[in-house]
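Residue-level structure breakdown
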Amino acid sequence: MDLGIAGKWAIVCASSKGLGLGCARALAAEGVNLVMNGRTAETLEAAADAVRRDFGVDVRAVAADITTEAGRAEVLAQCAAPDILVTNAGGPPPGLWSEWEREDFIRALDANMLSPIAMMKAVLPGMMTRKWGRVVNITSQSVKSPIAVLGLSNAARAGLTGYVAGTARQVAGAGVVVNNLLPGIHATDRAVSLDTGVAQARGISLEEARTARSATIPAGRYGSTAEFGATCAFMCSQFAGYMVGQNILLDGGAINATL
Ligand code: NAP
């Protein structure tokens, strides 16, 4: 299926590894040129080189912290008028509701709510003028079903979800669609780090923690970054123009809900 977006430009935030990289690679496979981003220059350059080599698209790699104003300015300087924006950043650390202080919430809000909002605010006006745009925010299944130890994530992403619900409907008339993509557990470094925490807390091995978690998922496994990226690419396609303000859950059936 040709998604009809070859030759367009996409900014994919936090895309040197994991889910962001999955999205970047799936867009590149459709002929989309990319601005890729991550904080660690070496990892980012390697990921960008692989995308150039595998798909032959233009890739501008920006090593910067997307949760800072300066970092976002560096990214936007490489492509002020993208057709597609995928927002993403690292997730907040796990913890306990009684331990988090104001500063912890501010950090989480900055990373997982205010940074994506700032990126959208920067690119939406141009997309609206050009009458075409696609925004996908990588959030989490935690907006549908809270993950107790990830209260900072639950809170920040719920805020972003509320913002998108209203904003998506304000820009849809200009041909710009904004949606959220909600990962359940996927096989990335983030999953390794969360599973390591569980393994340490329960005195079991990492493999045992992974097996126990897989058993709670109807699909019986973790999602892959390629599956995640393919869904993102569809949400950025010509065919997604009537999908407005939606929260698309990719969780292998883990959340037991009818809707
Ligand atoms: P990951 O494998 O740890 O990859 C994170 C990527 O983001 C890396 O490329 C990292 O590179 C980059 N990054 C992190 N912080 C950044 C920052 N401040 N500025 C720029 N780049 C940054 O994580 P992931 O599993 O892909 O997760 C992506 C997002 O989805 C996270 O918010 C996570 O909480 C959420 N999520 C993941 C899962 C899952 O199962 N994997 C489930 C639900 C939600 P550098 O470290 O070099 O910057």
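The shown structure was predicted, so the numbers you read here are calculated from the model rather than taken from an experiment. (Residues numbered from 1 in each chain as written. Predicted model: local features only at pLDDT ≥ 70, side-chain atom pairs only at ≥ 80, totals over all residues. Heavy atoms only, no water.)

All right, on to the sheet that holds strand E2 (residues 33-38) then. Taken together, seven strands build an open sheet; the order of strands is E3-E2-E1-E4-E5-E6-E7 and the sheet is parallel. Looking at which strands have only one partner, the edges of the open sheet turn out to be strand E3 (59-63) and strand E7 (247-250). Sheet twist, expressed as the average angle between the axes of neighbouring strands with direction ignored, equals 15 degrees. By the bridge criterion, five bridges tie E2 to E3 in an arrangement that is parallel. Bridging across to E3, Asn37 finds its partner in Val62. Packed onto the sheet, helix H5 (residues 151-171) meets strand E5 (133-138), strand E6 (176-183) and E7 and runs at close to 155 degrees relative to E6. (Pairing = 2+ DSSP bridges. Helix = DSSP H or I, 4+ residues; strand = E, 2+ residues; numbered from the N terminus. Axes fitted to C-alpha atoms, helices over the stretch in contact; angles between N-to-C directions. Contact = heavy atoms within 4.5 Å.)

Before going further, it helps to spend a moment on the packing of helix H3 (residues 69-78) against helix H4 (residues 102-130). Look at H3 against H4: their axes get within 11 Å of each other, and the N-to-C directions meet at 35 degrees. Considering only the axes of H3 and H4, their crossing is right-handed. Here Arg72, Val75 and Leu76 of H3 come into contact with H4, specifically with Ser115, Ala118, Met119, Ala122 and Val123. Across the contact of H3 with H4, the residue classes break down as six nonpolar, one polar and one charged. (Left-handed = near helix turned anticlockwise from the far one by under 90°. Nonpolar A, V, L, I, M, F, W, Y, C, P; charged D, E, K, R; others polar.)

On to the site of the ligand, then. The full set close to the ligand counts 28 residues, and Ser16, Arg39, Thr40, Ala89 and Thr188 are the nearest of them. The side chain of Ser16 places a nitrogen or oxygen atom 2.6 Å from an oxygen atom of the ligand. The contact in question runs from an oxygen atom of the ligand to an N or O atom on the backbone of Ala89, over 2.6 Å. When the free accessible area of the ligand is taken as 880 Å², the share hidden by the protein chains comes to 91%. (Near = heavy atom within 4 Å. Polar contact = N/O pair within 3.5 Å; in protein donor to acceptor, adjacent residues only side chain to side chain. Areas by Shrake-Rupley, 256 points an atom, 1.4 Å probe, with all protein chains shown as cover.)

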